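Understanding the architecture of this molecule
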Amino acid sequence: MVTLAVLGTQWGDEGKGKFVDFLAEKAKAVVRFQGGDNAGHTVKIGADEFKLHLLPSGILRKGKTAIIGNGVIVNPEVLIGEIDNLKKRGIDCSGLRISDRAHLIMPYHTMLDGAEEQLKAGKHIGTTGRGIGPCYSDKISRLGIRVCDLMDGAVFREKLSFAVMVKKRIFAAYGIEEELDEERIFEEYSSYWKKLKPYVCDTVEVLERLRARKSRILFEGAQGTLLDIDYGTYPFVTSSNTIAGNAATGSGTPPGDIDRILGIAKAYTTRVGSGPFPTEMPEREAVSLAKAGGEFGTTTGRMRRCGWLDLVVVSHSVRLSGIDSIALTKMDVLGQVNRIKICDSYKLDGKKIVHFPASIEALERCRPVYSEFESWGEISQSTIRKMKSNGRRSLPAEIREYIGHIEKLLGIPVSAISFGKERDKTAMLRKIWPLSLIHISEPTRPY
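Structure report, in brief. Nothing here was measured: the structure is a model prediction, and the numbers come from that model. (Residues numbered from 1 in each chain as written. Predicted model: local features only at pLDDT ≥ 70, side-chain atom pairs only at ≥ 80, totals over all residues. Heavy atoms only, no water.)

Further remarks concern the overall build of the chain. Across its full length, the chain carries 14 helices and 20 strands. The C-alpha atoms of the chain give a radius of gyration of 22 Å, which matches the 22 Å a tight globule of 447 residues would have. Its C-alpha atoms give the chain principal-axis dimensions of about 65 × 50 × 40 Å. Partitioning the contacts of the chain with sequence separation of at least 6, the portion at a separation of at least 24 is 76%. Carbon and sulfur atoms make up 49% of the accessible area of the chain, which amounts to about 18,600 Å² in all. (Helix = DSSP H or I, 4+ residues; strand = E, 2+ residues; numbered from the N terminus. Rg over C-alpha atoms; globule rule 2.2 N^0.38 Å. Contact = heavy atoms within 4.5 Å. Areas by Shrake-Rupley, 256 points an atom, 1.4 Å probe, with all protein chains shown as cover.)

Summed over all chains, the structure comprises 7 aromatic pairs. On the numbers, 5.3 Å between centres and 20° between planes, the contact of F156 with F186 is stacked. Taken as a pair, F156 in helix α5 (residues 153–174) and F186 in helix α6 (residues 182–196) lie far apart in primary sequence, 30 residues in all. Per residue, the accessibility class of F156 equals that of F186, and both read buried. Taken together, F373, W376 and Y402 form an aromatic cluster joined through their ring pairs. If you follow R89 out to its NZ or CZ, it ends over the ring of F50, 4.0 Å from the centre. (Phe/Tyr/Trp six-rings, centres within 6.5 Å; stacked < 30°, edge-to-face > 60°. Buried < 20%, exposed > 50% of the residue type's maximum accessible area, 1.4 Å probe, protein only. Lys NZ or Arg CZ within 6 Å of the ring centre and 35° of its normal.)

This paragraph deals with the pairing of strand β3 (residues 41–45). Here 5 bridges tie β3 to strand β4 (residues 48–52), and the two strands are oriented antiparallel to one another. Residue T42 lies in a different strand from β4, and its bridge partner there is K51. Hairpin geometry of β3 and β4 is characterised by an intervening segment of 2 residues between the two adjacent antiparallel strands and by a positive phi of about 65° at G46. (Pairing = 2+ DSSP bridges.)

Now for the pattern of salt bridges. Enumeration over the complete set of coordinates arrives at 24 salt bridges. With a shortest N-O distance of 2.8 Å, K167 and D138 are connected by a salt bridge. Taken together, the residues span a long stretch of sequence, with K167 in helix α5 and D138 in helix α4 (residues 132–140) at a distance of 29 residues. Taking the relative accessible area as the measure of exposure, K167 reaches 4% and is therefore buried. (Salt bridge = Lys/Arg side-chain N within 4 Å of Asp/Glu carboxyl O.)

Read across the open sheet, the 10 strands follow the order β9-β7-β5-β2-β10-β1-β11-β15-β19-β20; overall the sheet is mixed. Across the chains shown, the open sheet's two edge strands, defined by having one partner strand only, are β9 (200–201) and β20 (426–428). Pairing between strand β5 (residues 65–68) and strand β7 (residues 96–99): 3 bridges, direction parallel. If you follow I67 over to β7, its bridge partner there is R97. In this fold helix α13 (residues 381–390) packs onto β19 (414–418) and β20, with an angle of close to 25° to the strand it touches most, β20. (Axes fitted to C-alpha atoms, helices over the stretch in contact; angles between N-to-C directions.)

Relative to the elements of secondary structure, L4 occurs in strand β1 (residues 3–8). Residue class for L4 comes out buried when judged on its relative accessible area of 0%. Put simply, L4 and G275 are 271 residues apart on the chain and 31 Å apart in space, counted from C-alpha to C-alpha. The contacts of L4, once residues within four sequence positions are left out, are L23, I217, L218, F219, R260, I261, L262, I432 and W433.

A separate point is the packing of helix α10 (residues 311–321) against helix α14 (residues 397–410). Closest axis-to-axis distance for the α10/α14 pair is 10 Å, and the angle between their directions is 50°. Relative to α14, the element α10 lies oblique. The two elements α10 and α14 meet at a crossing, and its hand is right-handed. Contact residues: L311, V314 and S315 in α10; H405, I406, L409 and L410 in α14. A breakdown of the residues in the contact of α10 with α14 according to their chemical character gives 5 nonpolar, 2 polar and no charged. (Parallel < 35°, antiparallel > 145°, perpendicular 65-115°, else oblique. Left-handed = near helix turned anticlockwise from the far one by under 90°. Nonpolar A, V, L, I, M, F, W, Y, C, P; charged D, E, K, R; others polar.)

Across the 8 residues of helix α1 (residues 16–23), 7 count as buried, placing the element largely inside the fold. Listed as buried for α1 are K16, G17, K18, F19, V20, D21 and L23.

For the structure shown, the criterion picks out 0 disulfides. C148 takes part in no disulfide bond, and the closest cysteine sulfur, belonging to C201, lies 12 Å away. Look at C201 and you get partly exposed, because its relative accessible area is 21%. (Disulfide = S-S within 2.5 Å.)

Turning our eyes to something else, we now look at the side chain of T270. With respect to the helices and strands, the residue T270 is situated in strand β12 (residues 269–271). Here T270 falls in the buried class, since its relative accessible area comes to 1%. A distance of 3.0 Å separates polar atoms of two side chains, one belonging to T270 and the other to K266. When neighbours within four sequence positions are excluded, T270 is seen to be in contact with W11, G12, D13, F277, E295, R304, R305 and C306. (Polar contact = N/O pair within 3.5 Å; in protein donor to acceptor, adjacent residues only side chain to side chain.)

See the structure below:
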């Protein structure tokens, strides 16, 4: 058995969907374990582009089991829309399995999300407004409605009535004038159940059977480490844990059964929403890079903020999740820049630091310390083919220097590099299935 978790090492949007799709070829199952439809993965297959929000990227591979785990919160309308859209495009969704323990996003969650964001005045988080935070809040306060609650109309009615009663009081306190129609919600979600019922099961049992058969399982993270509710740039974070530990909790898999962890890092850095961003570029450079890299959110369409690769951020992710190796994406985009920078450390109040600070106020005072590198320019498809055949030996010298610097500071290998969205624009530098445990060197500083 080989199980592999694929995680984002920055603020999300690193290209996890592409690598999950790429690696799913040799997996039996792909598992999404956290987040909701605030996440978005774009996968390009030939001339076709697929934008997924809830469905695991592995759904695009024929014959794979695609699991939505208990740690995911599900907007059933969005999920049904995704399923229907893929079916129209000829994608077989029969391998989809949805945890009966997953929590549901209800209409009042999205209504509250917008109201709470408005109350924050000049301190907006930059939420997508899709009800993610309020749904997770209800989960923790034991007011949530789960997929299994839809199975019994009487049970669903009772839980919905209580939730609506509580939310009406909150609406009054927030000054929300929109009415909650309990009957309409009941009928709407009962109709969703009829469509989702064929896919719903105890996904813990499904995963247990797969492990018993020594099947390869791929765990697909959403967002990135710096959006983790505990270890990210709080409060400018998502509402779930995005690090490796939640791959176990959010899927019902024993922690010891997750064998390998691959971190995805964009060759530069982006983030959406508010919050400090030490390596952020000046607006003119950021807009140019965003256009070259298509840095516009899959879910919101917002332009992402752009900056240089930050190894303080990536090392923070490596340390928290025990990442074995790194896959670098968007190398083609960075190749268009004349002079390339990597942030190796910060200066905080005149003192050098290499650990990511917990305090947002401290992070705002951090100034990046850079190393600079020559650009490798445009990389042709023939060069990518040579990289696939000969690995590191075929890399341009500038790329070897760039990834060598990353490996030296992180102490783990770069196992793959990507030069575009397409499957055939990926070069493997070492095996991921199974992943080598040989580290390049000890880190040169105490990351």
